[in-house]
Amino acid sequence: MKNRDRLVLVTVIAFGLAMRAPIVTIPLIIDQLARQLKTAVGNLGILTTIPLIMFLLFSIVVAKEMTRFGLRRALNFGLTVLVLGALLRLDVAWPMLLLGTVLVGLGITHLNVLTPSVVAAYEPNQTALYTTAYSMAIMVGSAVFSLLTHPLSTVFGWWSVLAALLLLTMFPWLMWLAFRLPMPKRPQPDQMIDQSDQLIDEPKLKATAAPLWKNRYAWCCLLMFGAQSIINYTLVAWLPELMRFNGISGAQISIVLAMYSFAGMPVSLLLPRFLETATHRSQIIMSIVVGLLTLLAAVLMFWQSVMPLFYWYYLAIITGAMTAFYFIMALTMFPLKTISPARTAQLSGLTQSGGYLIASFGPALYGLAFKSSPLGIMQIWCFAIVIALCTLASFVVIKMPKI
């Protein structure tokens, strides 16, 4: 690997490390934040919801920002906003915490949207390798900070966790400032038409023009993505507090959250190839197995107050694998199930915008329910229903024709 390639690799890994840790770490210290702010823990669910709202509102804006100002300027802005947001959160007052979280969400939105563009621009012939690298970095960053949060807060105080998150956001910012590789030349307007689109016959061109919101397969894809997203972000926000309520120590909670993040790693490595080569029958069987194992975890939650520590390990591993499974399935199906690059972008945009809209309700609604009934039957039934909907929607997505 050339020095140029190493620089690109380290840069996208730095981006990946900062994409989720600033979000998933906050719930691990949410009880300390609540005491500092003199408010109920249930009122802080918005701190996990805000980044999702930013993803929803600004993903399309960031894409247009890149088109108008260029990749470098768009990332300069996004990374600067991310660092500023992490800095503002060091002042643990309600206005600064809210504003800082908004800026962190906006900064991570830039990384979500623009990191694939960095890979496509600088390493167009090794897209899979570099995409795998930053996808793994997302999970590693989440897992490592889940493990570090308890010892850091024990030895140096919980405020040190916010300081560590600031240092984490500064790493990709500094890497990008030092990133001076020239951008590839822009193609001329008449060269920007994708050749694959020219090979599509007239009926397919009409299908491409049809609005996706009228396509039932697209809605099933959105439902699958949204269901896994609401499970993922609700668990990240509230699983630590639920475990504390059930008497689990802070050290064990950090380990369980790390296992949740690590569980998705083998899925992200193996699933795309499996989806490309396996038959529909094999894919459906795999989805059924994943869905049933996760439903078992939901059913056992009815007896959570008497469950041993092993149960929480099982819950973290199976839900971490499940959310990764359906997340990677959606990302893989976007190009596999569409007839043109334009259609791929349309399906991806509809699915992710709608999915994050669904997910944005999860942490806040669970926080309200937890406040009134921490062991509530309603939350468990909702958990089971969402798992079932996600699994059923995946059957349709697996069998969907190209659209």
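In case you missed it, the structure is sitting above this.
Residues numbered from 1 in each chain as written. Predicted model: local features only at pLDDT ≥ 70, side-chain atom pairs only at ≥ 80, totals over all residues. Heavy atoms only, no water.

Caption draft 1: Representation of the overall build of the protein in the model. Looking only at helices and strands, the protein features 16 helices and zero strands. Relative to its 403 residues, the protein shows a buried fraction of 53%. Residue pairs in contact within the protein that sit at least 24 positions apart in sequence constitute 84% of those at least 6 positions apart. (Helix = DSSP H or I, 4+ residues; strand = E, 2+ residues; numbered from the N terminus. Buried < 20%, exposed > 50% of the residue type's maximum accessible area, 1.4 Å probe, protein only. Contact = heavy atoms within 4.5 Å.)

Caption draft 2: Fine view of the side chain of E65. Counting through the fold element by element, E65 comes out in helix α3 (residues 46-69). Here E65 sits buried without a salt bridge, and the closest side chain of opposite charge, R73, lies 9.9 Å off (N-O distance). The residues touching E65, leaving out its near neighbours within four places in the chain, are G70, A74, F77 and H110. (Lys, Arg positive; Asp, Glu negative; His and termini not counted. Salt bridge = Lys/Arg side-chain N within 4 Å of Asp/Glu carboxyl O.)

Caption draft 3: Representation of a nonpolar patch on the surface in the model. Together, L223, V299, F302, W303, V306, I377, W381, I385 and L389 give the surface a local cluster of nonpolar side chains, amounting to about 850 Å² of exposed area. By residue number, the principal contributor to the nonpolar patch is helix α16 (residues 377-399), which donates four residues. Tracing the sequence through the fold places I377 in helix α16. (Patch = residues over 30% accessible without salt bridge, like charges linked within 9 Å, V, L, I, M, F, W, Y side chains within 5 Å. Areas by Shrake-Rupley, 256 points an atom, 1.4 Å probe, with all protein chains shown as cover.)

Caption draft 4: Highlighting the packing of aromatic side chains. Evaluation of the coordinates by the stated rule reveals ten aromatic pairs. An angle of 75° between the planes, with centres 6.3 Å apart, marks the rings of F302 and W303 as edge-to-face. The class for F302 is partly exposed, based on a relative accessible area of 30%. Looking at W303, the relative accessible area reads 47%, which means it is partly exposed. Taken together, a centroid distance of 5.2 Å and an interplanar angle of 70° make the contact between Y311 and W312 edge-to-face. The two residues Y311 and W312 agree in class, both being buried. Through a chain of ring-to-ring contacts, three or more aromatic side chains come together here, namely W238, F245, Y366 and F370. Across the ring face of W176, the terminal group of R72 is positioned such that the distance to the ring centre comes to 4.7 Å. (Phe/Tyr/Trp six-rings, centres within 6.5 Å; stacked < 30°, edge-to-face > 60°. Lys NZ or Arg CZ within 6 Å of the ring centre and 35° of its normal.)

Caption draft 5: Region of interest: the packing of helix α4 (residues 71-88) against helix α5 (residues 94-122). Two elements in contact, α4 and α5, have axes separated by 7 Å at closest approach and are oriented at 150°. One way to sum up the angle between α4 and α5 is to call them roughly antiparallel. Taken as a pair, α4 and α5 cross one another with a handedness that is left-handed. Split into classes, the residues belonging to the contact of α4 with α5 amount to 21 nonpolar, six polar and no charged. (Axes fitted to C-alpha atoms, helices over the stretch in contact; angles between N-to-C directions. Parallel < 35°, antiparallel > 145°, perpendicular 65-115°, else oblique. Left-handed = near helix turned anticlockwise from the far one by under 90°. Nonpolar A, V, L, I, M, F, W, Y, C, P; charged D, E, K, R; others polar.)

Caption draft 6: Focus on the environment of G247. If you trace the backbone, G247 turns up in the loop between α10 (216-245) and α11 (250-262). With a relative accessible area of 63%, G247 lands in the exposed category. A C-alpha to C-alpha distance of 9.9 Å links G247 and L309, two positions 62 residues apart in sequence.

Caption draft 7: Focus on the pattern of salt bridges. Scanning the entire structure with this criterion turns up one salt bridge. One salt bridge connects R244 with E241, and the closest N-O pair in it is separated by 2.9 Å. Highlighted residues: R244 and E241, both in helix α10, separated by three residues, approximately one helical turn. What makes R244 partly exposed here is its relative accessible area of 23%.

Caption draft 8: Representation of the nonpolar core within the structure. Counting residues in each nonpolar core, the largest one holds 116 residues, and the members touching the most others are L75, W312 and M329. The element best represented in this core is α10, accounting for 17 residues. Residues contacting L75, with those up to four places away along its chain left out, are F15, L111, L114, V118 and W176. (Core = buried A, V, L, I, M, F, W, Y, C linked by side-chain atoms within 4.5 Å.)

Caption draft 9: Highlighting the state of the cysteines. Evaluation of the coordinates by the stated rule reveals zero disulfides. No disulfide involves C220; its sulfur sits 8.7 Å from the nearest other cysteine sulfur, which is in C221. (Disulfide = S-S within 2.5 Å.)

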